[in-house]
Amino acid sequence: MAKLDQLQALRAIAALLVVVSHAIHEAHGVWGEGSLPAWLYAVPGDIGVDIFFVLSGFIMVYASRDQFGRAGAVVPFLLRRFARIAPLYWALTTILFVMYLVIPSAVSSPPESWQSIAASYAFFPFAREDELFRPLLALGWTLNYEMFFYAIFAFLLALPMRIAIPMVLAVLTSLSLIGFFAELPGPLAFWTNSIILEFGFGVALASVFLSGVRLPALACVGLLLASIALFAFAPPFNFDVSSVRFLYFGVPAILLVASFALAKRSLFPTSKILVAMGDASYSTYLSHPFALAVIAILIGFGGLKEMLNPLLFVVLCTLVSAIGGQLVYWIIEKPLSRWARKAIDGSIVSPPRKGPNAGRLTAAVAPKGTRRGYSQRTA
């Protein structure tokens, strides 16, 4: 389905936005603050995470739409989510840990204790001395939120969809309200941050999508323009889990996703390159800090600083990260995920299914006209 391909392309754009944001940070480390053109600072790269969270909520509902109301679907759902997220993250975390053991200075955020290392592998938010919840592979803070959302979603998956969806939204809203009004310690503060509402935005959007609601092109263009305007006027500061992030970044993120998901016809031609990059977006997201660090080191010690300007550095980092993401996807992520799925599928008993396909458990049943395998690939 072309519209779902466009959501996949949107994942690629989200990953590239994060890369650009981090490349700007690396450029500051080499050339100093303010070394880039002023217009580049207007690119809100951090919104890539918020787009990912909204898409995650959407895809979980879409991919599990035939699993609601089935108690036996809970464990398979969790195991398959684990197989999708953990192998690559663990592999890159291990590489980073080995780097720390061999060359401690090569790791910008070294582990502070064995507990922090264990928490990194367990997707458990562990507060560092600077009070930031950062695992060894710093980007893993977003995966800690993903896993928390999966746990909530799985717990309610046994309910019929008409009940489960409002319950998911109620739980996420209640937790965010508790976090807003109460001073909670440690992981409780992390899990009750209002950023979790962005998953709820995606869940609600998927419910609307599955109900058959579609909007004319003009309305979707309006949503797209509104999203861009809100992103453009978001406060010019960097933060990860601010209490207002869901407003400044989450709201425009759902408008952006909705403009593509609810369109009667695709707003733009689907780019096969972007779709392929969307397939590898998880690999790009997790691996790009390695690529950026290597490029920065080569420039700093290879005498290339005078040959490149900061803008070309950002462009180079983005291209190398995108290519590197493809390599990591094909060489590491796909083989690891395939092995994990086979191990999990061989260890679980598929629960009975409703309808003519009884006995066959998949991540999603592709409707007529939908490209088979999309939901498993993007979920």
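Residues numbered from 1 in each chain as written. Predicted model: local features only at pLDDT ≥ 70, side-chain atom pairs only at ≥ 80, totals over all residues. Heavy atoms only, no water.

**Focus: empty space enclosed by the protein**
One simple way to see leftover space: roll a probe sized like a water molecule over the atoms.
Inference 1: Going through the model one piece at a time under the given rule, you end up with four cavities of 30 Å³ or more.
Inference 2: The computed volume of the second largest cavity comes to approximately 50 Å³.
Inference 3: Going through the elements one at a time, helix H1 (2-31), helix H12 (281-301) and helix H13 (310-345) are the ones with two or more residues in the lining of the second largest cavity.
Inference 4: No other element matches the three residues that H1 contributes to the lining of the second largest cavity. (1 Å grid on protein atoms, 1.4 Å probe; cavity = no way out; pocket = protein on both sides within 12 Å on 5 of 7 lines; lining within 4 Å. Points joined across faces, edges and corners; volume = space filled by probe spheres on them. Helix = DSSP H or I, 4+ residues; strand = E, 2+ residues; numbered from the N terminus.)

**Concerning the packing of aromatic side chains**
Inference 1: All chains considered together, the criterion is met by 25 aromatic pairs.
Inference 2: Judged by centre distance (6.0 Å) and plane angle (65°), the ring pair of Tyr62 and Phe209 falls under edge-to-face. In this pair, Tyr62 is assigned in helix H2 (residues 47-63) and Phe209 in helix H8 (residues 197-210), connecting sequence segments 147 residues apart. Just as Tyr62 is buried, Phe209 falls in that class too.
Inference 3: Judged by centre distance (5.3 Å) and plane angle (35°), the rings of Phe77 and Phe153 are tilted. Of this pair, Phe77 sits in helix H3 (residues 74-102) while Phe153 is found in helix H5 (residues 140-156), placing the two residues 76 residues apart along the sequence.
Inference 4: Given the relative accessible area of 9%, Phe77 is considered buried.
Inference 5: What makes Phe153 buried here is its relative accessible area of 1%. (Phe/Tyr/Trp six-rings, centres within 6.5 Å; stacked < 30°, edge-to-face > 60°. Buried < 20%, exposed > 50% of the residue type's maximum accessible area, 1.4 Å probe, protein only.)

**Brief notes about a nonpolar patch on the surface**
Inference 1: A contiguous nonpolar patch, built from Val98, Leu101, Val102 and Ile103 and spanning about 380 Å² of accessible area, is present on the exposed surface.
Inference 2: Along the chain, Val98 turns up in helix H3.
Inference 3: In this structure Val98 comes out as partly exposed when scored by relative accessible area, which is 43%. (Patch = residues over 30% accessible without salt bridge, like charges linked within 9 Å, V, L, I, M, F, W, Y side chains within 5 Å. Areas by Shrake-Rupley, 256 points an atom, 1.4 Å probe, with all protein chains shown as cover. Salt bridge = Lys/Arg side-chain N within 4 Å of Asp/Glu carboxyl O.)

**Side note on the pattern of salt bridges**
Inference 1: Going through the model one piece at a time under the given rule, you end up with three salt bridges.
Inference 2: Asp50 is paired through a salt bridge with Arg245; the nearest N and O atoms lie 2.8 Å apart. Of this pair, Asp50 sits in helix H2 while Arg245 sits in helix H10 (residues 245-261); the two residues are 195 residues apart in sequence, bridging distant segments of the chain.
Inference 3: Owing to a relative accessible area of 0%, Asp50 belongs among the buried residues under this scheme.
Inference 4: Here Arg245 falls in the buried class, since its relative accessible area comes to 1%.
Inference 5: As a salt-bridge pair, Glu333 and Arg84 come within 2.9 Å of each other at their nearest N and O atoms. Remark: Arg84 occurs in helix H3 and Glu333 occurs in helix H13; sequence separation between them is 249 residues.
Inference 6: The buried category is assigned to Glu333, whose relative accessible area is 4%.

**Comments concerning H8**
Note that an α-helix has 3.6 residues per turn; residues three or four places apart therefore point the same way.
Inference 1: Between its terminal C-alpha atoms H8 stretches 20 Å, which fits the 20 Å expected from 14 residues at 1.5 Å a residue.
Inference 2: In terms of burial, H8 is a largely internal element, 10 of the 14 residues being buried.
Inference 3: Along H8, the positions that sit buried rather than exposed are Leu197, Glu198, Phe199, Gly200, Phe201, Gly202, Val203, Leu205, Ala206 and Phe209.
Inference 4: One or two residues past the end of H8 sits Gly212, with phi positive at roughly 95°. (Expected span 1.5 Å × (residues − 1).)

**A few points about the packing of H8 against H10**
Inference 1: The contact between H8 and H10 brings their axes to 10 Å, and the two run at 25°. Our classification of the angle between H8 and H10 gives roughly parallel. In this structure, H8 crosses over H10, and the sense of that crossing is right-handed. Each of Leu197, Glu198, Phe201, Leu205 and Phe209 in H8 lies in contact with H10, whose residues at this interface are Arg245, Phe246, Phe249, Gly250, Val251, Ile254, Val257, Ala258 and Ala261.
Inference 2: Among the residues making up the contact of H8 with H10, the classes are represented as 11 nonpolar, one polar and two charged. (Axes fitted to C-alpha atoms, helices over the stretch in contact; angles between N-to-C directions. Parallel < 35°, antiparallel > 145°, perpendicular 65-115°, else oblique. Left-handed = near helix turned anticlockwise from the far one by under 90°. Contact = heavy atoms within 4.5 Å. Nonpolar A, V, L, I, M, F, W, Y, C, P; charged D, E, K, R; others polar.)

**A look at the confidence of the model for the protein**
Inference 1: Considering every residue of the protein, the mean pLDDT works out to 86; 88% of them sit at 70 or more.
Inference 2: No element of the protein has a lower mean pLDDT than helix H14 (residues 374-378), at 43, and none a higher one than H8, at 97. (pLDDT = per-residue confidence, 0-100.)

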